Structures are given as structure tokens and as C-alpha cells.
Amino acid sequence: ELKVEQNPLFLSMQEGKNYTIYCNYSTTSDRLYWYRQDPGKSLESLFVLLSNGAVKQEGRLMASLDTKARLSTLHITAAVHDLSATYFCAVGRWNNNDMRFGAGTRLTVKP
Amino acid sequence: EAGVTQSPTHLIKTRGQQATLRCSPISGHTSVYWYQQALGLGLQFLLWYDEGEERNRGNFPPRFSGRQFPNYSSELNVNALELEDSALYLCASSKGMGGSYEQYFGPGTRLTVT
């Protein structure tokens, strides 16, 4: 069974600092997604990673994928308050469109 | 382009009743997915419909069911409601089956069972 583990689950950062969120998954997967969820809101797609070594960047966020290690990272550079949200990784497979989500990382960026 | 829409926004039911949640996908999307996000828990996959058929089902009891209509909109039905069914139910849509089709999420329906 495909399992997805995210850590840390809670992250409190100072503005301007860097940090990394980790997403491990248990079996072979075809694609890895990162989503952002603000309180009471739905999920917003951030990145889609499809191949080993894929790296995508948007603003202060950068996501990477290592399929051999079954690991994806979401790196936050020089955090700002607006990045405060819950971040989910999700892992999917080609053949059944079933996506498994990590438990989420609740990020709080403090001034 | 309109995004995924869900109705109602909030739904309050009592234990034992039935709840019906609705979802309209993005125009051109044929796949619809349902997820449950209980408080303090992650997203749990419920159901996936494509072209009117149920393609995959998560680890939920049969009282969770649904359907997809010819216009690709979808309905999630939860029978014999239990208190632990209280959650945010998210619907997502994608262009089709397999591949790297990204799922786009709706705003969700918050179901409260008392």
C-alpha cells in the first residue's frame, strides 16, 4: 500500500530564515504534487514533479524529487509571513489516479 | 475559466440521516475525485469517477457512495451518518484518466453531524 510521510508536521519559522519540508513515500510512484492550503480554504496546486531529479521553483519555494530515494523536498528560502499555510505533498500513480496525501506541514512564519 | 464548484458550502445533519454533496468540475474535465479531510487528519481518498463510471474507491464503508452525471458533475451520498463523518469534503477534477493529469480542487463542503 502506498504510504506518504511528511515531516515536520508543525514548523514555526522566523521571517528571513530557510527551511525544508520532507516527503517520503513507500512505493514506486509516477508523480509527486505539492499543495498549499490556507485555513478554511481549499487546496492550491504549487508544483507537479514527474521525473527523477525534477526541480521546480516559484518565488521563495523550490520543490525537488528523488525517485530512487522516494523523497521529495519543499525548500523555503527567506520565509515571509504570507507563506504561512499548511503544505501537503501527494503521490500518485499512472494506473489508478489514486492520490495519497501526506498529513501536511503547518507552517507559521513569525515576524 | 470557472473552477471546481461545490455545494452546499456547509451542511448540518443529525446522526442517522443522509447527506448529499454536489460537485461541478472544470469545463472539459472528465474525472472527478472526492476526498474527506477530517479535523486534525490528512486528506483521505474516497472515490474517483470518470466518464460516468466509478474507477477507484478508497477504504471507506459502502454507505459512502456517489455517481457522475452525463455532464460530468458528481454527487457524493453519505447514508446513515455517524458523528465521525463530520469533515471537510473536497472535490477535485482533472482532464482524464492516468498520466500526469493534475487535480484541481473545489472549495469544499463542511459537513457537521450532530
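Residues numbered from 1 in each chain as written. Chains lettered and ligands numbered in written order. Predicted model: local features only at pLDDT ≥ 70, side-chain atom pairs only at ≥ 80, totals over all residues. Heavy atoms only, no water.

Topic: the sheet that holds strand E3 (residues 19-25) of chain A
All names here are of chain A. Defined as follows: The rule for pairing is simple: two strands pair if DSSP sees at least two bridges between them. Under the DSSP-based scheme used, a helix requires at least four consecutive residues in state H or I and a strand at least two consecutive residues in state E, with every element numbered from the N terminus. Only the stretch in contact is used when a helix axis is fitted, and all axes are lines through C-alpha atoms; the angle between N-to-C directions ranges over 0 to 180 degrees.
Ordered in space as E1-E3-E8-E7-E6, the five strands form an open sheet in which the pairing is antiparallel. Each end of this open sheet is capped by a strand with a single partner; those strands are strand E1 (4-7) and strand E6 (55-58). Looking at each pair of strands side by side, their axes are set apart by 15 degrees on average, direction ignored.

Section: the interface of chain A and chain B
In plain terms, the rule: It only takes one pair of heavy atoms within 4.5 Å for two residues to be counted as in contact. Once two parts are joined, some of their accessible surface, as seen by a 1.4 Å probe, is lost; buried area is that loss totalled over both. Salt bridges, as used here, are contacts in which a Lys or Arg side-chain nitrogen is within 4 Å of a carboxyl oxygen on Asp or Glu. Polar contact is defined as a pair of N or O atoms within 3.5 Å, subject to the rule that within protein one atom must be able to donate a hydrogen and the other to accept it, and that residues adjacent in sequence are counted only when both atoms are side-chain atoms.
Every contact between the two is made by 18 residues of chain A and, on the other side, 23 residues of chain B. Across the chain A to chain B interface the summed buried area is about 1600 Å²; carbon plus sulfur atoms make up 53%. Linking chain A with chain B are zero salt bridges. At the boundary of chain A and chain B, one finds four residue pairs in polar contact (both at pLDDT 80 or more).

Description of the nonpolar core
How we decide: Definition used in this section: a nonpolar core is a set of buried Ala, Val, Leu, Ile, Met, Phe, Trp, Tyr and Cys residues joined via side-chain atoms within 4.5 Å. Accessible area is worked out with a 1.4 Å probe on protein chains only. A residue is then buried under 20% of its type maximum, exposed over 50%, and partly exposed in between.
Ranked by internal contacts, the top residues of the largest apolar core, which has 25 residues, are A:Leu32, A:Trp34, A:Leu74, A:Ile76, A:Tyr87 and A:Leu107. Leave out the neighbours within four places in its chain, and A:Tyr87 touches A:Gln6, A:Ile21, A:Tyr35, A:Arg36, A:Leu46, A:Leu61, A:Leu74, A:Gly104, A:Thr105 and A:Leu107. B:Ala38, B:Phe60, B:Leu76 and B:Ala87 belong to the second-largest nonpolar core, a separate cluster that totals 22 residues.

Quick notes on the packing of aromatic side chains
Applicable threshold: A pair of aromatic rings is counted whenever rings of Phe, Tyr or Trp (Trp by its six-membered ring) have centres within 6.5 Å, and the orientation is called stacked for planes under 30 degrees apart, edge-to-face for over 60 and tilted otherwise.
Summed over all chains, the structure comprises ten aromatic pairs over all chains. Measuring from ring centre to ring centre gives 6.0 Å for A:Phe101 and B:Phe105, while their planes differ by 80 degrees; the resulting arrangement is edge-to-face. One end of the pair, A:Phe101, is in strand E10 (residues 99-101); the other, B:Phe105, is in strand E10 (residues 104-105), on a second chain. The same class applies to A:Phe101 as to B:Phe105, namely buried. With a centroid separation of 5.5 Å and an interplanar angle of 40 degrees, the aromatic rings of B:Tyr35 and B:Phe105 are classed as tilted. Taken as a pair, B:Tyr35 in strand E4 (residues 31-37) and B:Phe105 in strand E10 lie far apart in primary sequence, 70 residues in all. One aromatic cluster is present, built from ring pairs that chain together A:Tyr33, A:Tyr35, A:Phe88, A:Phe101, B:Tyr35, B:Phe45 and B:Phe105.

Concerning the sheet that holds strand E7 (residues 64-68) of chain B
The strands making up a sheet associate through hydrogen bonds between their backbones, and the pairing can be parallel or antiparallel. Residues and elements named next belong to chain B. In spatial order, the strands read E1-E3-E8-E7; together these four strands make up an open sheet with antiparallel pairing. Here the strands that pair on one side only, and so sit at the sheet edges, are strand E1 (5-7) and E7. Recorded for the sheet is a direction-independent mean angle of 20 degrees between the axes of neighbouring strands. One ladder, built from three bridges, connects E1 with strand E3 (residues 19-24); its direction is antiparallel.

Shape is all these values report; function is a separate question.
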